[in-house]
Amino acid sequence: MKILIACYSYSGNTLKVVEELKKLLNADLTEIKTVKDRWYLFKVWDSIRGNQVPIKSCINDLRNYDTLIVCCPIWAGRTPAAINEYLSLIKNAKDSNFAVLVTAGSDKKQKATIYIREYLSGQGMNFLGQILILAEDVKKDNFQDKLDIFMKRFQNDLEN
Ligand SMILES: Cc1cc2nc3c(=O)[nH]c(=O)nc-3n(C[C@H](O)[C@H](O)[C@H](O)COP(=O)(O)O)c2cc1C
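Our subject in this report is the structure included herewith.

About the criteria used
Residues numbered from 1 in each chain as written. Predicted model: local features only at pLDDT ≥ 70, side-chain atom pairs only at ≥ 80, totals over all residues. Heavy atoms only, no water. Patch = residues over 30% accessible without salt bridge, like charges linked within 9 Å, V, L, I, M, F, W, Y side chains within 5 Å. Areas by Shrake-Rupley, 256 points an atom, 1.4 Å probe, with all protein chains shown as cover. Salt bridge = Lys/Arg side-chain N within 4 Å of Asp/Glu carboxyl O. Helix = DSSP H or I, 4+ residues; strand = E, 2+ residues; numbered from the N terminus. Core = buried A, V, L, I, M, F, W, Y, C linked by side-chain atoms within 4.5 Å. Buried < 20%, exposed > 50% of the residue type's maximum accessible area, 1.4 Å probe, protein only. Contact = heavy atoms within 4.5 Å. Phe/Tyr/Trp six-rings, centres within 6.5 Å; stacked < 30°, edge-to-face > 60°. Lys NZ or Arg CZ within 6 Å of the ring centre and 35° of its normal. Pairing = 2+ DSSP bridges. Axes fitted to C-alpha atoms, helices over the stretch in contact; angles between N-to-C directions.

A word on a nonpolar patch on the surface
- Together, Trp-39, Phe-42 and Trp-45 give the surface a local cluster of nonpolar side chains, amounting to about 410 Å² of exposed area.
- On the secondary structure map, Trp-39 appears in the loop between strand 2 (28–31) and helix 2 (40–49).

Encoded structure:
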């Protein structure tokens, strides 16, 4: 099974977890980067509005992959605009699997994972699982247990 991890990380927390996940799953990683940075309040505004912002070229064609793992921070309880843009650019997604990994300051109710899940399910993709890791746990390197549980979602597929 070939896995693509697509990661947007603004301040490095999500990327830190993703680098570990990439090793564990022997996956490819494509980093989502915005063309321009935006002020904090615009980031929040864009997330609340579900806006998209231009991103640099990255792997968005899933032709050669069985599974996509979308990874990002939670902003304003929602997805960053860069992720909204990435999702809209995904090609050849039908019948592939997907999972979602988010990092956040708190584990309060949020809409980011719901949005990604609904969007990709709507593209004909199959949901495997999701995980939320707290920023403070990322900083303390305290996320291995959660990652192991998340990894189990892929185990059946990895064995095939
Ligand atoms: C613009 C902005 C909005 C944020 N909004 C939320 C939020 O609504 N809920 C939350 O739990 N954390 C929020 N955070 C915290 C981030 O989700 C958290 O620090 C995350 O781990 C950052 O990931 P990164 O380092 O990969 O960018 C926000 C951070 C930023 C910069």
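Topic: the nonpolar core
- The biggest cluster of nonpolar side chains holds 31 residues, and the ones touching the most others in it are Ile-32, Leu-68, Ile-83, Tyr-86, Ile-90, Ile-116 and Leu-120.
- At the level of secondary structure, the elements contributing two or more residues to this core comprise strand 1 (3–7), strand 3 (67–73), helix 3 (81–89), strand 4 (97–104), helix 4 (112–122) and strand 5 (126–134).
- Top element by residues in this core is helix 3. It accounts for five residues.
- Contact partners of Tyr-86, with chain neighbours within four places excluded, come to Leu-4, Ala-6, Thr-30, Ile-32, Ile-55, Cys-58, Ile-59, Asn-60 and Leu-68.
- Judged by nonpolar contacts, the second largest core, of 22 residues, contains Cys-7, Leu-21, Leu-101 and Ile-133.

As for the packing of aromatic side chains
- Taken as a whole, this structure holds five aromatic pairs when the rule is applied.
- Centroid distance Tyr-10 to Trp-75: 6.0 Å. Interplanar angle 75°. Geometry classified as edge-to-face. Taken together, the positions of Tyr-10 in the loop between strand 1 and helix 1 (13–25) and Trp-75 in the loop between strand 3 and helix 3 put the pair 65 residues apart, joining distant regions of the chain.
- An angle of 55° between the planes, with centres 5.4 Å apart, marks the rings of Phe-98 and Phe-127 as tilted. Here Phe-98, found in strand 4, pairs with Phe-127, found in strand 5; they are 29 residues apart in sequence, far enough to count as distant.
- Assessed through its relative accessible area of 0%, Phe-98 is described here as buried.
- Residue classification places Phe-127 among the partly exposed positions, given a relative accessible area of 27%.
- Members of the aromatic cluster, connected to one another through ring pairs, are Tyr-8, Tyr-10 and Trp-75.
- Arg-117 extends its terminal NZ or CZ atom over the ring of Phe-127, reaching a point 3.8 Å from the ring centre.

Let's talk about the sheet that holds strand 2
- With parallel pairing, five strands are arranged side by side in an open sheet as 2-1-3-4-5. If you trace the sheet from one side to the other, it starts and ends with strand 2 and strand 5, each paired once. If you compare each strand with its neighbour and ignore which way they point, the axes differ by 15° on average.
- With five bridges connecting them, strand 1 and strand 3 associate as parallel partners. Across the sheet, residue Ile-5 finds its bridge partner in strand 3, namely Ile-69.

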